[in-house]
Amino acid sequence: MTPDSNTARPDASAPATRHIEHFVADFSETPLQATDKVKEDQAPLSLWAEAWRNLRKQPLFLISAFLILVVVAVSLFPGLFSPIDPSPEACQLGNSDGGPAAGHPLGSTQQGCDVYARVIFGTRSSVTVGLFTTIGVLLIGGIMGALAGYYGGWVDAVLARVNDIFFALPLILGAIVLMQLPMFRANRTAWTLVLILVTFGWPQIARITRGAVIEVRNADFVTAARSLGVSKFGALMRHVMPNSLAPIIVVATISLGTFIVAESTLSFLGIGLPPSVMSWGNDIQAAQASLRSNPMPLLYPAIALSITVLSFIMLGDALRDALDPKARKR
Amino acid sequence: MKGEAVNAPVEIREEGTAAQRPLLEIRDLAISFKTSGGEVNAVRNAHLTVMPGETVAIVGESGSGKSTTALAAIGLLPSNGAVSGGQILFDGEDISHASEKRMIELRGNSIGMVPQDPMSNLNPVWKIGYQVRETLKANGLPDGPDDVAKVLSQAGLPDARRRAKQYPHEFSGGMRQRALIAIGLSCQPRLLIADEPTSALDVTVQRQILDHLDKMTTELGTAVLLITHDLGLAAERADKVVVMYRGQVVESGPSLELLQNPQHPYTQRLVASAPSLASRRIQAAKEPGVESDDLLAPAEDVVVEPSMPEDVLRIENLKKVFKLRSGLGRSTDFTAVDDVSFSVKRGTTTAIVGESGSGKSTVAQMVLNLLQPTSGRIVFDGVDTSTLNSKEIFAFRRRVQPIFQDPYGSLDPMYNIFRTIEEPLRTHKIGDKASREKKVRELLDQVALPQSTMQRYPNELSGGQRQRVAIARALALDPEVIICDEAVSALDVLVQAQVLNLLADLQSRLGLTYLFITHDLAVVRQIADHVCVMEKGKLVETGSTDDVFDSPQQDYTKALLNAIPGARLMLPPEVA
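Basis of the calculations
- Starting from 1, residues in each chain are numbered consecutively following that chain's sequence as written.
- Numbering of ligands from 1 and lettering of chains from A proceed in the order in which they are written.
- For a predicted model such as this one, the threshold for reporting local features is a pLDDT of at least 70, and the threshold for listing and counting side-chain atom pairs is 80 or more; totals across whole chains, interfaces and linings nevertheless cover every residue.
- Helix numbering and strand numbering both begin at the N terminus, where a helix is a DSSP run of H or I of at least 4 residues and a strand a DSSP run of E of at least 2.
- Buried means a residue has 20 or more other C-beta atoms within 10 Å of its own C-beta, exposed means 12 or fewer, and partly exposed covers the counts in between; C-beta atoms are placed from the backbone.
- Once C-beta atoms are placed from the backbone, any two residues with those atoms within 7 Å are in contact.
- Two strands qualify as a pair provided that DSSP identifies no fewer than 2 bridges between them.
- What we call a nonpolar core is a set of buried Ala, Val, Leu, Ile, Met, Phe, Trp, Tyr and Cys residues whose membership is set by joining through C-beta atoms within 7 Å.
- The angle between two axes is taken between their N-to-C directions and runs from 0 to 180 degrees, where each axis is a line fitted to C-alpha atoms and a helix contributes only its stretch in contact.
- Throughout, a crossing is termed right-handed when the near helix is turned clockwise from the far one, and left-handed when it is turned anticlockwise from it by less than a right angle.
- Each residue gets one label: Ala, Val, Leu, Ile, Met, Phe, Trp, Tyr, Cys and Pro are nonpolar, Asp, Glu, Lys and Arg are charged, and the others, such as Gly, are polar.
- A residue's pLDDT is the confidence the predictor assigns to it, expressed on a 0 to 100 scale.
- Here the term right-handed applies to a crossover when the path leading from its first strand over the helix to its second strand runs clockwise, the strands being oriented away from the viewer.
- To be clear, the arc concerns the directions from the helix axis to the C-beta atoms.
- For this classification, under 35 degrees means roughly parallel, over 145 means roughly antiparallel, 65 to 115 means roughly perpendicular, and everything else is oblique.

**Student:** Break down the overall build of chain A for me, citing the residues and quoting the values.
**Tutor:** Counting secondary structure elements, chain A contains 13 helices and 1 strand. Mapped in sequence order, the helices and strands of chain A form the string α-β-α-α-α-α-α-α-α-α-α-α-α-α. In chain A, which comprises 330 residues, the proportion classed as buried is 40%. Here the contacts in chain A between residues at least 6 apart in sequence split such that 71% fall between residues at least 24 apart.

**Student:** Talk me through the overall build of chain B; I want residue IDs and the actual numbers.
**Tutor:** A count of helices and strands for chain B gives 20 helices and 20 strands. In chain B, which comprises 576 residues, the share counted as buried stands at 50%. The contacts in chain B between residues at least 6 apart in sequence include a share of 70% that link residues at least 24 apart.

**Student:** Quick rundown of the sheet that holds strand E9 (residues 240-245) of chain B? Include the residues and the values.
**Tutor:** With mixed pairing, the 7 strands of this open sheet are ordered in space as E1(A)-E10(B)-E9(B)-E3(B)-E8(B)-E7(B)-E6(B). Lying at the two open borders of the sheet, with one neighbouring strand each, are strand E1 (23-24) of chain A together with strand E6 (111-114) of chain B.

**Student:** Give a detailed account of the environment of valine 440 of chain B, specifying residues and quantitative values.
**Tutor:** As for its position among the elements, valine 440 of chain B is in helix H15 (residues 433-446). Separated by 18 residues in the primary sequence, valine 440 of chain B and glutamate 422 of chain B place their C-alpha atoms 6.5 Å from one another.

**Student:** Provide a residue-level description of the nonpolar core, including the pertinent values.
**Tutor:** Inside soluble globular proteins, nonpolar side chains tend to come together where they are buried. By size, the foremost hydrophobic cluster in this structure holds 231 residues, and its most contacted members are Leu152, Ala179, Ile193, Leu225 and Leu515 of chain B. Looking at which element gives the most residues to this core, the answer is helix H5 (residues 115-151) of chain A, with 15 residues. Ignoring any residue separated from it by four or fewer positions in sequence, one finds leucine 152 of chain B in contact with Val132, Leu157, Ala160, Arg163, Ala164, Ala179 and Ala182 of chain B.

**Student:** Let's hear about the packing of helix H11 (residues 232-268) of chain A against helix H12 (residues 280-287) of chain A: which residues, and what values?
**Tutor:** Geometrically, a packed helix pair is captured by the angle between its two axes and the distance between the axes. Residues and elements named next belong to chain A. Across the interface, H11 lies against H12 with an axial gap of 7 Å and an inter-helix angle of 40 degrees. The hand of the H11/H12 crossing is right-handed. Where H11 approaches H12, its residues Glu263, Ser264, Thr265, Leu266, Ser267 and Phe268 are matched on the opposing element by Trp280, Gly281, Asn282, Ile284 and Gln285. Split into classes, the residues belonging to the contact of H11 with H12 amount to 4 nonpolar, 6 polar and 1 charged.

**Student:** For the sheet that holds strand E5 (residues 93-94) of chain B, give the residues involved together with the corresponding values.
**Tutor:** All names here are of chain B. As summarised here, the arrangement of the 4 strands in space is E2-E1-E4-E5, forming an open sheet in which the pairing is antiparallel. Taken across any chain shown, the strands that pair with only one partner, and hence form the sheet edges, are strand E2 (38-50) and E5. Sheet analysis places strand E1 (residues 24-35) next to strand E4 (residues 81-90), joined by 8 bridges and oriented antiparallel. In the strand pairing of E4, leucine 24 is matched with phenylalanine 90. Each of E1, E2 and E4 touches helix H2 (residues 66-73); the most contacted strand, E1, lies at about 110 degrees to it.

**Student:** So, unusual backbone geometry: which residues are in play, and what are the values?
**Tutor:** Residue and element names in this part refer to chain B. Within the chain, aspartate 91 stands out as a residue other than glycine whose phi angle is a positive 50 degrees. If you trace the backbone, aspartate 91 turns up in the loop between E4 and E5. Phi is positive for alanine 448, which is not a glycine, with a value near 60 degrees. Within the fold, alanine 448 resides in the loop between H15 and helix H16 (463-475).

**Student:** Which residues make up the confidence of the model for chain B, and what values do they have?
**Tutor:** All names here are of chain B. Taken residue by residue, chain B gives an average pLDDT of 82. The fraction at 70 or more is 88%. Across chain B, the element-wise mean pLDDT spans from 40 in helix H1 (residues 3-12) up to 92 in strand E3 (residues 55-59). Counting contacts from residues 1-18, a segment whose pLDDT is below 50, to residues more than four positions away or on other chains yields 25 contacts.

**Student:** With reference to specific residues and values, describe the pairing of strand E8 (residues 223-228) of chain B.
**Tutor:** All names here are of chain B. Counted residue by residue, E8 has 6 buried out of 6 residues, so it is predominantly covered. Residues of E8 alternate between two faces, with Ala223, Leu225 and Ile227 on one and Val224, Leu226 and Thr228 on the opposite face, all of them buried. For E3 and E8, the ladder comprises 5 bridges, and the chain directions are parallel. Considered in E8, the bridge of isoleucine 58 is made with isoleucine 227. One ladder, built from 5 bridges, connects strand E7 (residues 191-195) with E8; its direction is parallel. Along E8, the bridge assignment pairs aspartate 195 with isoleucine 227. In terms of handedness, the path from E7 via helix H8 (residues 203-220) over to E8 forms a crossover that is right-handed.

**Student:** Residues and numbers for helix H5 (residues 145-154) of chain B, please.
**Tutor:** Residue and element names in this part refer to chain B. Of the positions making up H5, those classed as buried are Val148, Val151, Leu152 and Gln154. The arc that holds every buried residue of H5, seen down its axis, measures 165 degrees, which confines them to one face. Taken from the residues just after H5, glycine 156 is the one with a positive phi, measuring 90 degrees.

**Student:** Can you explain the packing of helix H7 (residues 171-179) of chain A against helix H9 (residues 190-217) of chain A? Please cite residues and give values.
**Tutor:** Residues and elements named next belong to chain A. Running from N to C, H7 and H9 cross one another at 140 degrees; their axes reach a closest spacing of 9 Å. Classified by the interaxial angle, the pair formed by H7 and H9 is oblique. Seen from above, H7 lies across H9 with right-handed handedness. In this structure, H7 contributes Leu171, Gly174, Ala175, Leu178 and Met179 to the contact, and H9 contributes Ile196, Leu197, Phe200 and Gly201.

**Student:** Help me get a handle on helix H12 (residues 360-367) of chain B, residues and values and all.
**Tutor:** All names here are of chain B. With 8 of 8 residues buried, H12 lies mostly within the body of the structure. Taken as a whole, H12 has its buried residues at Lys360, Ser361, Thr362, Val363, Ala364, Gln365, Met366 and Val367. Asparagine 369 sits one or two positions beyond H12 and adopts a positive phi of about 65 degrees.

**Student:** For the confidence of the model for chain A, give the residues involved together with the corresponding values.
**Tutor:** Taken as a whole, chain A shows an average pLDDT of 81; of its residues, 86% reach a score of 70 or greater. Per-residue pLDDT stays below 50 along residues 1-16 of chain A; that stretch engages in 30 contacts with residues further than four places along the chain or on separate chains.

**Student:** Describe the pairing of strand E17 (residues 481-485) of chain B, and please don't skip the residues or the numbers.
**Tutor:** Residue and element names in this part refer to chain B. Most of E17 is tucked away: 5 of the 5 residues are buried. With burial as the criterion, each face of E17 is covered, one bearing Val481, Ile483 and Asp485 and the other bearing Ile482 and Cys484. As judged from the 4 bridges shared by strand E16 (residues 400-403) and E17, these two strands associate in the parallel manner. Its bridge partner being in E17, glutamine 401 is matched across the sheet by isoleucine 482.

**Student:** Describe the environment of leucine 502 of chain B, and please don't skip the residues or the numbers.
**Tutor:** Residue and element names in this part refer to chain B. Looking at the element boundaries, leucine 502 is found in helix H17 (residues 493-510). Residue classification places leucine 502 among the partly exposed residues on the basis of 19 C-beta atoms within 10 Å. Considered as a pair, leucine 502 and arginine 468 are 34 residues apart in the sequence and their alpha carbons are 8.7 Å apart. The contact partners of leucine 502, leaving out residues within four places of it in the chain, are Val447, Ala448, Arg468 and Ile471.

**Student:** Now, about the environment of asparagine 123 of chain B: what can you tell me, with residues and values included?
**Tutor:** Residue and element names in this part refer to chain B. Here asparagine 123 shows up in the loop between E6 and helix H4 (128-138). Taking the C-beta count within 10 Å as the criterion, asparagine 123 has 13 such neighbours and is therefore assigned partly exposed. Between the C-alpha atom of asparagine 123 and that of threonine 35, which follows or precedes it by 88 residues, the distance is 29 Å.

Encoded structure:
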């Protein structure tokens, strides 16, 4: 030891000789509270109420929710937003490749159709495919994932392998192959597309659900419910599922955007919706012929597509933040 | 010694006054956090001094600001927290707003830290030796394999050279904590901040670790700032105890004096509820059937005949073997519970005590019929529970109810309190909506929660309140036996005392039988009539609480009793 540390040593070895002051704070400074008092002043808050309170203050959520409301309204009542009939019969070839003009704010396509009207009327097929694919994926993936995660064992082993097989097939590639089959090629409607996208889209939700369910199924409150006499399946429905919903909702919202993109991609490739159905994918495909001379008919449906997809992804992000279990109180 | 090179330049400054000057002095410290709900003052008017070589303990319940104060001293407050007033003087230098560069210089070689949770504070992907070397390297000390081994062996790890090549998951909790202590002390700091260093460990391991920490810091002359929730432990280990309550220091002084002569009402309350060895069985439920003379009227419809001390639960040669998977297709047997027999008399409390891995929770799971025993019988009220069919199990569930350890995990966060307590009634189809609501209100009264709690969600309640909700839920079906699996272990001392009193009171009023699973012998003393001590799956000692505590027969029981912090302190009887 150096001399300096030696100077400190005697002090350290004889703490008993040092006087330690007995300090007592003024009683009035820290009034005693009743041990473990219940706060009765605030309104009760459930997880969802709390999430809603957080969301209301988030610009990300407000913007995306507004955009989604507009998109849904447009797809339900396109006639309210566009006075012009965009069907091919109503197009006037005289307006072919026309720039913005009175009554045609976004110009016209090569066929002389109004671009604005086509964008408005194309919304419905995109939203239909996106929404119903998501619902289908949630049903199939949710059930498969919940059963696999909750029961484990051989149920999990079998379902997980099936899941892996489908997971290995890329969504778009699988859809391209299936759409070539005569039975699908002959009936190309929005519903065929939904069916095919669900077939290849469910594994992702199944995985997320399985993970969320496994996390919750070992929680004490599930054991508590079981020992109260709640049946195994009852505990899954009443306790496990409601507590695993948050991550599933987030992923579903984000994948809704992906399904809209998938619909447009397939239509663009000419194997999605038939040209007779108005959709952004079809319009983009039709407009690429005149891309150099008149890029506007391609640009506007592409912008509409981007904004719709972006708003769903933003909504998913906002929901993820609001439903994050780590951010919950205490 | 390699530490001198580091210590010398720091101590040379103003060496004349070094002996008298406090090593760490906190003056009127205020710390505030920015949260979504505005600014929160976590600490106000905190002041404490640590002299060189002195051990000072900060005691307080969770949320009292004890950890925050200590973290501020080493400059590791979370990013939304800041020192908003006062000073932190380390060896005369104000470090409350020191630059990050200066703090990095101080950390490690002047101020060391031993964190709370040994399970999460070691990086699982790096070998132990690498993590020690990292610290040595960061402080410019020699970091060869010999130096690493030396640091580890000083912390009491045998065969340090081989241990340094292992990963954290190959270490037990106690060994990990030793590794963390090795890291904290590797640069021979002058002040060591130990934040609940042993609260995650078994009592016997806790004692070994603290003894070793004592020895090391005395040898090195290191001052220790010990943060703990356990008053007994603080008084036993520290020269001086600082009591914090709601962000303020309410009392500080020499540890023994503080314990014997607490002045502040909060300290008095704390000393009164500290579960030390001197405490006795909570009296309310000593004799079932004898009505307690408190003002709460005993429930009329429960008739407890004093003349039926029959065994409500009998456990015979219980054995549970788990098959552990070890590689492809192979499995090894692990005997979690080995030939355990005991019986529980109606209206009494039997405690199963043991350290982690002793198999006590497995016994509880089997008694609850959530796990099938490998062999042996569990006889409840004369019937072997393994022979029950599903309908009889449903009926059995009404009579035997659990209360779990973790009050944060045992309530469904999506259910409000009314639905939580109503669920057992609904599941067993008891009463209609109105009568169920009436019952829930009664139950909330019984556990001393305001009826307005019904509309709240678990995330709005504290740990103790949640545990009371769990008790209310367990009581909803008027069970005869309640299995408490570490039911008070996660609670602060005062809240723990409150819940234990509630349990004792309910026992006397409703004639309940408790099977109390715990690692905490001090709690056993307060609540149990009979004790079963388990070690590694085997029952080593059984007997009445008084017998086991006053004259333990087995070495293991003696070791457990000796390891209770504060057991060696002599408290005046009127305080305890």
